[in-house]
Amino acid sequence: MIEIVFGENAYNSLIVAQNYGKGKYHGGAVSVFIKNTDGTEPTAKEIQAAQFQAEENARLEWENAIPLNGKREDVYCFDIALSVGDISDDGLGEQRKAVLRKMLSVCPTEDFECQIEEIMKKSNAALSSVKERYTNGEEIRIWYSHNPDELCGMNWLMAQLRPLNCPTVIYLVKLPIWEYGKENTAISRNAWGDIAPGEWGKYTSRQEEARPAFISACAIKWRQLREENAPLRAMLNGQLQSVPEDIYDSFIFREIAAQPEQFKMASVIGNVLGKYQLGIGDAWVANRIDTMIKYGMLEVVEDAPKDELSYRRILRKCRI
């Protein structure tokens, strides 16, 4: 079966999940990091106990896992940020390349352009391969969620597959918004990239066949979004909608307001991502803060070290 995800973290985890839990558990390297709530250093006994518990958890995860029994080459990833920027491309072309260039600009490297070219090359090759295997009768399983990139990805892929008029079955697995965990806890996951290799198998029972009417509805939705071609797409009242680029700015302003006059840009980005689960990445928040700097709302006190993330800068409030 062909497996489709829309993020690099999900891709790496799902590859491991194909055979995770198969055979006897042989152990492996497990690292632990602990810190006492009172600020004191953990004792050797506490570290040893935490190490033992981590190793036991790893063993149980392996033994309780349900291997997917696929192969690495069955897993495809379209990590192309389709919730962001121009989507007027009929396929994956220059407009998508420009969006990726802007998003990746927060972490410039010497081979920056080569990275973008590689992403585009791999994505186009993956799309061609998926189409070919699909028309040859191989079933597809799409893993998606309410995360805007994943939901956009699912609609986009359906729009690519629908014109093929192929009877091959497409399955969908939607990540639950909430789940119950151990010790009467509730867990909220933002996207499939939050799922560990040992967990994927338990979700296969949730898969549903995508009927032709649903596939058509997804293709129509993607066409509507392309025609609107907004700067951003987000979930509003349970629906994927075209929205203005400043829709998340109030959350950013809230976190800036909680900072001292001079603050680390990375602290604001981390707080926005950690507190609100908006389904956006660090690059989008960084780009919005760059816009605030451009319009004089913030100013740079200290630049980021060379060849490091741009949001390692120190900023000062001006008009916020």
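Everything here concerns the structure above.
Scope of this entry: the structure provided in the associated data block. (Residues numbered from 1 in each chain as written. Predicted model: local features only at pLDDT ≥ 70, side-chain atom pairs only at ≥ 80, totals over all residues. Heavy atoms only, no water.)

It is worth spelling out the pattern of salt bridges at this point. Throughout the structure, instances matching the rule amount to 16 salt bridges. Taking the shortest distance from any N to any O, the salt bridge between lysine 275 and glutamate 255 comes out at 3.3 Å. Remark: glutamate 255 occurs in helix 7 (residues 249–257) and lysine 275 occurs in helix 8 (residues 265–276); sequence separation between them is 20 residues. Judged by relative accessible area, which is 3%, glutamate 255 ranks as buried. The structure contains a network of salt bridges with shared partners spanning Glu179, Arg189, Glu199 and Lys202. (Salt bridge = Lys/Arg side-chain N within 4 Å of Asp/Glu carboxyl O. Helix = DSSP H or I, 4+ residues; strand = E, 2+ residues; numbered from the N terminus. Buried < 20%, exposed > 50% of the residue type's maximum accessible area, 1.4 Å probe, protein only.)

Running from N to C, helix 7 and helix 9 (residues 282–294) point in directions that differ by 75°, and their axes come no closer than 11 Å. By the criterion of interaxial angle, the relationship of helix 7 to helix 9 is roughly perpendicular. Two secondary-structure elements touch here, helix 7 through Asp249, Ile252, Phe253 and Ile256 and helix 9 through Val285, Arg288, Ile289 and Met292. In terms of residue class, the contact of helix 7 with helix 9 is made up of 6 nonpolar, no polar and 2 charged. (Axes fitted to C-alpha atoms, helices over the stretch in contact; angles between N-to-C directions. Parallel < 35°, antiparallel > 145°, perpendicular 65-115°, else oblique. Contact = heavy atoms within 4.5 Å. Nonpolar A, V, L, I, M, F, W, Y, C, P; charged D, E, K, R; others polar.)

Quick look at the pairing of strand 3 (residues 140–144) now. In terms of burial, strand 3 is a largely internal element, 5 of the 5 residues being buried. Residues of strand 3 alternate between two faces, with Ile140, Ile142 and Tyr144 on one and Arg141 and Trp143 on the opposite face, all of them buried. Inspection of the sheet shows strand 1 (residues 2–5) paired to strand 3 by 3 bridges, in the parallel sense. When the bridges of strand 3 are listed, isoleucine 2 appears paired with isoleucine 140. (Pairing = 2+ DSSP bridges.)

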